[in-house]
Amino acid sequence: MIILIFFILHWYLALFSQTFFQHRYASHKAFTMSPFWEKVFYLFAYITQGSSYMSPKVYGIMHRMHHAYTDTEKDPHSPSFSPNVFAMMWRTRRIYLQIADGKADVEPRFLKGLPDWSAFDKWAGSRWSRLLWVGIYTGFYIAFASSPWLLLLLPLTITMGAVHGAIINWFAHKYGYINFKLKNTSENLICPDVLMLGEAYHNNHHKHPSSINFGVRWFEFDPVYPAILLLKWLRIIRIPAPMHVYKKEVLS
């Protein structure tokens, strides 16, 4: 029971930090925050994502590339150019490391306004940091797994961020429904999206990347949207422009 509770908490906390900080904040600047709070969320992302921590700067570059080059060879994670989901994940990892190591030629437009805490990322994204987290997770599972079958969750725990990314980047470009006719394969994978905290409304997101609410229809609930409004009310973040309503553009 302890392992299952831990896995569920890790799933949602890691996913929240990814969609809130790396995705909506770093990639799209859907809201702003002070340098102090930015570092707080850096630490929060590192603690919640652990061995699968992603640099917000590198994540932002890759995600902006994804929007600019969706479904083309320049898309860092397109199902159209990988034979299976594992090949896509490996290709994404390779491109991520090239950008992180400064070996990729990144267009200047993808670098604007990105958060950058290089000294922290140097440790958080290092091999030693990842190995430390793997050791912590492995020790925890060995200590508290009440059944050997629960150890099957350990690889998912270690690669949690990559698993989240694969669900959206692979399956949400293959299955689901659409609200908007776009020149790409993005679809809304799950509804209501409790499993992926709004990330599964991928077609909606490709239509309006900077929206703070990924849901559009009345039945599309984005669990992170109320959290964003709460953080705004607490003055932790600032939303630079009023939220727009897009329902009139939705396909009937």
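Structure's up top.
Presented here is a report on the structure given in the accompanying data block. (Residues numbered from 1 in each chain as written. Predicted model: local features only at pLDDT ≥ 70, side-chain atom pairs only at ≥ 80, totals over all residues. Heavy atoms only, no water.)

Side note on the pattern of salt bridges
To keep it simple, the criterion reads: Put simply, a salt bridge is a Lys or Arg side-chain nitrogen that is within 4 Å of an Asp or Glu carboxyl oxygen. Helix and strand definitions follow DSSP, with helices as H or I runs of at least four residues and strands as E runs of at least two, each counted in order from the N terminus. Exposure is judged per residue with a 1.4 Å probe applied to protein chains only, and the accessible area is read against the type maximum: over 50% gives exposed, under 20% gives buried, and values in between give partly exposed.
Summed over the entire model, instances satisfying the criterion amount to 3 salt bridges. As a salt-bridge pair, Arg24 and Asp222 come within 2.8 Å of each other at their nearest N and O atoms. Residue Arg24 is found in helix α1 (residues 2-27), and its partner Asp222 is found in the loop between α9 (202-207) and α10 (224-233); the two are separated by 198 residues along the sequence. With respect to class, Arg24 is no different from Asp222; both count as buried. Residue Arg109 is joined to Glu107 by a salt bridge in which the shortest nitrogen-to-oxygen separation is 2.8 Å. Judged by its relative accessible area of 43%, Arg109 is partly exposed.

Focus: the nonpolar core
For the record, the criterion: As used in this record, nonpolar core signifies buried Ala, Val, Leu, Ile, Met, Phe, Trp, Tyr and Cys residues forming a set joined through side-chain atoms within 4.5 Å. What makes two residues a contact is simply this: any of their non-hydrogen atoms within 4.5 Å.
Of all hydrophobic cores here, the largest spans 42 residues; its most connected members are Trp11, Phe20, Phe21, Phe31, Met33, Ile228 and Ile237. Within the residue set of this core, elements represented by two or more residues are α1, α2 (35-49), α5 (118-124), α6 (127-144), α8 (160-171) and α10. Non-local contacts of Phe31, meaning those with residues more than four positions away in its chain, are made with Phe20, Arg24, Tyr25, Ile212, Ile228, Ile237, Arg238, Ile239 and Pro240. Within the second largest apolar cluster, 13 residues are counted, among which are Ile61, Ile95, Tyr96 and Val106.

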